[in-house]
Amino acid sequence: LQLVHGFRDQLATHPAIGDTVSQFYDTVGLPVYPDWELSRICTESHGAGIIDGGLQIETDIVNRGTQTPPLPILQVRLTNPSGRTLTTRLLEPRDYLEDASTTAALAPSSRVTARAILDVDEPEVAQYRFALCYPDASDELRCAAPCLNP
């Protein structure tokens, strides 16, 4: 039992027992922070444009790994022409999915389209960058720049 407890974050990513481990720890009120393969979750096909007075961003989130993580938090960083960060927004799946009830997980080889309209008060916005994030054991976000090449 101590071995399972000590490796609960890693076991929570295992396809055969991950859900059981997570449910058990949820039942007893202890957090589990699975160690998802962030380097295998990628964004593709970026797009942006002005719509309804806001900046509409769009990207496909693709799982190239073997794990089935929940959908990530999408970090959007808006920069000026020289690359200085003007603002950063964190979007939960409910903020970027057209139908938030469609999926709660990102199965291997699957993709979802993330789309959101951001209210932008910064007239200098020239670029945007994405990062995909999950909470870690210290309740901080662990983010990785998404891979862009297959």
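Provided above is the structure to which this section pertains.
Owing to the predicted nature of the structure, the values given are computational and were not obtained by experimental measurement.

Draft legend 1. Seen up close, the sheet that holds strand β4 (residues 85-91). Pairing is antiparallel across the open sheet formed by four strands, whose spatial order is β4-β3-β6-β7. Across the chains shown, the open sheet's two edge strands, defined by having one partner strand only, are β4 and β7 (141-144). On average, each strand axis in the sheet is inclined to that of its neighbour by 30°, with strand direction left out of account. Pairing geometry for strand β3 (residues 73-79) and β4, over six bridges, is antiparallel. The partner of L78 across the bridge, within β4, is T87.

Draft legend 2. Summary view of the side chain of T59. Assignment of secondary structure puts T59 in strand β2 (residues 54-63). Overall, T59 belongs to the buried group, its relative accessible area being 0%. Setting aside residues up to four positions removed in sequence, T59 forms contacts with T43, E44, S45, H46, L74, V112, T113, A114 and F130.

Draft legend 3. Structural context of the sheet that holds β2. The strand order β1-β2-β5 describes an open sheet built from three strands, whose pairing is antiparallel. Both edges of this open sheet fall to β1 (41-51) and β5 (111-118), since each of them pairs with a single strand only. Taking each pair of neighbouring strands and ignoring which way they run, the sheet shows an average axis angle of 15°. The sheet contact formed by β2 and β5 spans eight bridges and is antiparallel.

Conventions we followed
- Residues numbered from 1 in each chain as written.
- Predicted model: local features only at pLDDT ≥ 70, side-chain atom pairs only at ≥ 80, totals over all residues.
- Heavy atoms only, no water.
- Pairing = 2+ DSSP bridges.
- Helix = DSSP H or I, 4+ residues; strand = E, 2+ residues; numbered from the N terminus.
- Axes fitted to C-alpha atoms, helices over the stretch in contact; angles between N-to-C directions.
- Buried < 20%, exposed > 50% of the residue type's maximum accessible area, 1.4 Å probe, protein only.
- Contact = heavy atoms within 4.5 Å.

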